[in-house]
Amino acid sequence: MKASGLLRMAIAQTHAKCRGDYSGGVTRFPVPDDKVSWSVNWPEYKPVDYTAPAVERGSARTDTDFRKIKPDVAPRFNEIDGKVDRRSYCGTYTIETNGVPRNPVGRTGMVGRGLLRRWGPNHAADPIVTRWKRDSSGTVMKMADKPILEFVAIKRRDCGEWAIPGGMVEPGDTVSGTLKKEFGEEAMNSLEASPEQKKRIEEQINQLFSQGQEVYAGYVDDPRNTDNAWIETTAVNFHDETGEAFGKVKLCAGDDAGAVAWKELHFSLQLYANHINFIKKVIELRNAAF
Ligand code: RP5
């Protein structure tokens, strides 16, 4: 297989869940690995056109469907558009003749926005909070002579899969602010805390999240992606070397998390989207067992 063919196959593997089942009972047009790339001419491609009713209804947090109604001002793609960052980590993305952005990785079998609020990149933030796994005496446990890592995982209510407690960056918010907000809401249930509890949670998070290391910034193989709307994220590792910092944190699932737990990192872990790829980067960073 030529190099370009190998590259296309490799790209297809980072773009697999976004060609699978779509929640809400919508079925994508099937896209095989060798037809993902836009550079492959495919006249038979007939993607399904779907935008969730809640997204279609629109709100301050969603774009309008300018394929149907001409907006006063079209979105300024590939740049910061008011409070919305429409730039992509993948570089300048193509705008189709009908004005909609084109997924920079390839075909998904669906056009429209699906469940995503923005045309083009929908930016998210993923806090990967880690500590070493310890036995009852407090000794770090090892496998094949490497220390074992644990991370705070949430069980998503929408699909029941374990995931990093990430969330979308709202207009005007920063990535770092979103990392703290999402961890507080999903892993510490700050939304249901009393004012004094919320203050305590915020103090704990500000201290815990003071030192982070970015491990990934780019496209997410999210099952909600379409040919015109996709998720990109910034994943940051916050590691508690001594176990003292996060040890005092009471984990409590909240918001769109059905459960929260410290999960041991190992090769057979099944996670949402391509979160396992971000976790593997933390494993490498911390030279941990896997
Ligand atoms: C994933 O979806 C991101 O990596 C992030 O974890 C999450 C953001 O979407 P919501 O959890 O807000 O639905 O693609």
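See above for the structure.
Given the structure is predicted, the values throughout are model-derived calculations rather than measurements.

Colleague: What is the right way to read the site of the ligand from this model?
Modeller: Taken together, Asp-126, Arg-156, Gly-166, Gly-167, Met-168, Val-220, Asp-222, Arg-224, Ile-231, Tyr-272 and His-275 form the complete shell of residues around the ligand. Residue Asp-126 places a side-chain N or O atom 2.6 Å away from an oxygen atom belonging to the ligand. Here an oxygen atom of the ligand and a side-chain polar atom of Arg-224 are 2.8 Å apart. When its residues are assigned to classes, the shell around the ligand shows four nonpolar, three polar and four charged.

Colleague: Which parts of the structure should I look at to understand the pattern of salt bridges?
Modeller: When charged atoms on two side chains of opposite charge get close, those side chains can pair. On inspection of all chains with the given rule, the structure shows 19 salt bridges. Two residues, Lys-181 and Glu-182, come together in a salt bridge whose shortest N-O distance is 3.4 Å. Take Glu-182: its relative accessible area is 5%, and that puts it in the buried class. Each of Asp-63, Arg-76, Glu-79, Asp-81, Arg-86 and Arg-118 takes part in one network of salt bridges that share partners.

Colleague: Would you mind showing me how to read the side chain of Glu-150 here?
Modeller: Structurally, Glu-150 is set in strand β8 (residues 149-156). By relative accessible area, Glu-150 is classed as buried at 11%. Excluding its chain neighbours within four sequence positions, the residues that come into contact with Glu-150 are Val-129, Thr-130, Arg-131, Trp-132, Lys-133, Trp-262, Lys-263 and Glu-264.

Colleague: It is not clear to me how the pairing of strand β5 (residues 120-132) should be interpreted in this structure. Could you clarify?
Modeller: When a strand is regular, its side chains alternate between the sheet's two faces. Burial runs high along β5: twelve of the 13 residues are buried. As defined by bridge partners, β5 adjoins strand β12 (residues 229-240) across twelve bridges and the pair is classed as parallel. Opposite Ala-125, over in β12, you have Thr-234 as the bridge partner. Sheet analysis places β5 next to strand β10 (residues 167-168), joined by two bridges and oriented antiparallel. Counterpart to Ala-125 in the pairing with β10 is Gly-167.

Colleague: Looking at this model, I keep getting lost on the environment of Gly-184. Mind explaining?
Modeller: In this fold, Gly-184 is placed in helix α3 (residues 175-187). Sequence separation of Gly-184 and Gly-99 is 85 residues, and the distance between their C-alpha atoms is 38 Å.

Colleague: Got a minute to help me understand unusual backbone geometry in this structure?
Modeller: At Asp-255, a residue that is not glycine, the phi angle is positive and equals roughly 55°. Note on placement: Asp-255 falls in the loop between β12 and β13 (257-264). Under the relative-accessibility criterion, Asp-255 is labelled partly exposed at 35%. One non-glycine residue with positive phi stands out, namely Asn-287, at about 50°. Of note, Asn-287 is situated in the segment after α5 (275-286).

Analysis parameters
Starting afresh in each chain, residues are numbered from 1 along the sequence in its written order. Only residues with pLDDT of at least 70 are given local features in this predicted model, and only at 80 or more are side-chain atom pairs given and counted; all residues enter the totals for whole chains, interfaces and linings. Side-chain descriptors were evaluated using all non-hydrogen atoms of the structure, hydrogens and water having been removed beforehand. Nearness of a residue to a molecule or strand requires only that one of the residue's heavy atoms be within 4 Å of it. Counted as a polar contact is a pair of N or O atoms within 3.5 Å, where, for protein atoms, one must be capable of donating a hydrogen and the other of accepting one, and residues adjacent in sequence contribute only when both atoms are in side chains. Any residue outside Ala, Val, Leu, Ile, Met, Phe, Trp, Tyr, Cys, Pro, Asp, Glu, Lys and Arg is labelled polar, Gly included; the first ten of those are nonpolar and the last four are charged. A pairing counts as a salt bridge when a side-chain nitrogen of Lys or Arg comes within 4 Å of a carboxyl oxygen of Asp or Glu. Categorising residues by exposure relies on relative accessible area from a 1.4 Å probe, with only protein chains included: less than 20% of the type maximum marks a residue as buried, more than 50% marks it as exposed, and the intermediate range marks it as partly exposed. Only runs of H or I of at least four residues qualify as helices and only runs of E of at least two qualify as strands under DSSP, and these elements are numbered from the N terminus. Note on definitions: a residue-residue contact is assigned when non-hydrogen atoms from the two residues lie within 4.5 Å. If DSSP finds at least two bridges between two strands, the strands pair.

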